[in-house]
Amino acid sequence: MNPDPAPLLAKAAQGWRFLYRRGFIEGFGHLAVRLPGADRFMVTRHSLGCDAGPEDFVTLDFHGRKLAGHGDAPGEFPIHLEVLAARPDVGCVIHYHGMHSTAFTTSGHALRPIHLMGTLFHDGIPVHPDPRLVNDRPRGAALARTLGPHRAVLMCAHGATITGATVEEAVAGAFLFEENARRAWLSASLGSPQWLPAELAAQAGEELLRTRGPFRRVWAMVEAEDADARTRPSESITDLPRQA
Ligand SMILES: [Zn+2]
């Protein structure tokens, strides 16, 4: 018998609300989770706003057929389908149009770790050359090939796709990926960005991945901000800090 997906969806919705409040997902973006023990996944529905709940996910199989849920799947659902199909180690995929990370694809700079937390991505951040919407399976498969074994892939002049074994890992990964890009942007605006040496970045990143401290820390922030937002519903979401 397959496990009850309710706790997984509650967590996924919590991660979505965090990324939306933080300005990562401004109209464009979606989050998908693999359903353990089932040949299917669930993705946030098309045109979802900030106040998302478990009922805002639609269920798809790995042929792209909608099996359940209200509303339509996002047009770029093939991103999630093909990445989850290609990467059995991945349980959650987030696609969004990251303001800072995406800017590097049109800057002449290759985005690399420039801050300790960015070393989570020390094994490389590939850039997919095709900026078009990933609205069919061949485009999704091409993006999954560019992603390869990495944690994140940038799409030139389009956005970022972040993976994680769990919802916590993917949401924290997106937060820290964008934070690293924002710090790199600051360094580039001050002068020549000093990227961390590859060997040092690998050592630091492996240590962080062993302890998993950054994922736990960011998720604690997700929960705290969510609780705060829900106890003060009249407060504007724009009062919270934007984009990491
Ligand atoms: Zn997109």
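Every value quoted in this text rests on a predicted model; they were computed, and no experiment measured them.

The next subject is the pairing of strand 3 (residues 57-61). Put simply, side chains in a regular strand alternate between the two faces of the sheet. In the sheet, strand 2 (residues 40-44) pairs with strand 3 via five bridges, with the strands oriented antiparallel. Residue pairing for strand 3: Arg-40 is matched across the bridge by Asp-61. As paired strands, strand 3 and strand 4 (residues 66-68) are joined by two bridges and run antiparallel to one another. Within strand 4, the residue paired with Thr-59 across the bridge is Ala-68. A loop of four residues connects strand 3 with strand 4, the two strands running antiparallel in sequence, and Gly-64 in this loop sits at a positive phi of about 85°.

Next up on the list: helix 1 (residues 6-21). When the terminal C-alpha atoms of helix 1 are compared, their 22 Å separation across 16 residues agrees well with the 22 Å that a helix rising 1.5 Å per residue should span. Across the 16 residues of helix 1, 13 count as buried, placing the element largely inside the fold. Just downstream of helix 1 lies Gly-23, where phi reads positive at about 85°.

Time to look at the nonpolar core. Ranked by internal contacts, the top residues of the largest apolar core, which has 66 residues, are Val-171 and Ala-174. Take this core: its biggest share by element is 11 residues, from helix 5 (residues 167-190). For Ala-174, the residues in contact, after removing those within four places along its chain, are Leu-19, Phe-24, Ile-94, Tyr-96 and Ile-162.

Further remarks concern the UniProt feature "domain: Class II aldolase/adducin N-terminal" (unreviewed entry) in the protein. When the UniProt feature table is mapped onto this chain, "domain: Class II aldolase/adducin N-terminal" (unreviewed entry) is found at residues 10-185. In residues 10-185, the share of helix is 32% and the share of strand is 20%. The end C-alpha atoms are 34 Å apart.

Turning next to helix 4 (residues 137-147). For helix 4, the complete set of buried residues consists of Gly-140, Leu-143, Ala-144 and Leu-147. Looking straight down helix 4, one finds its buried side chains confined to an arc of 100°; they lie on one side. Residues of helix 4 that are buried sit in contact with helix 2 (77-86), strand 6 (127-128), strand 7 (152-155) and strand 8 (159-164). Downstream of helix 4 by a residue or two, Gly-148 has a phi angle that is positive, lying close to 55°.

It is at 8 Å that the axes of helix 2 and helix 4 come closest, and there the two elements cross at 50°. When the interaxial angle is binned, helix 2 and helix 4 end up oblique. Considering the relative orientation of helix 2 and helix 4, their crossing is right-handed. Along the contact surface, helix 2 presents Pro-78, Ile-79, Leu-81, Glu-82, Val-83 and Ala-86, while helix 4 presents Arg-137, Arg-139, Gly-140, Ala-141, Leu-143, Ala-144 and Leu-147. A per-class count over the contact of helix 2 with helix 4 returns nine nonpolar, one polar and three charged.

What counts as what
- Residues numbered from 1 in each chain as written.
- Predicted model: local features only at pLDDT ≥ 70, side-chain atom pairs only at ≥ 80, totals over all residues.
- Pairing = 2+ DSSP bridges.
- Helix = DSSP H or I, 4+ residues; strand = E, 2+ residues; numbered from the N terminus.
- Expected span 1.5 Å × (residues − 1).
- Buried ≥ 20, exposed ≤ 12 C-beta atoms within 10 Å, placed from the backbone.
- Core = buried A, V, L, I, M, F, W, Y, C linked by C-beta atoms within 7 Å.
- Contact = placed C-beta atoms within 7 Å.
- UniProt positions renumbered as here; feature names shortened; annotations may be inferred.
- Arc of directions from axis to C-beta.
- Axes fitted to C-alpha atoms, helices over the stretch in contact; angles between N-to-C directions.
- Parallel < 35°, antiparallel > 145°, perpendicular 65-115°, else oblique.
- Left-handed = near helix turned anticlockwise from the far one by under 90°.
- Nonpolar A, V, L, I, M, F, W, Y, C, P; charged D, E, K, R; others polar.

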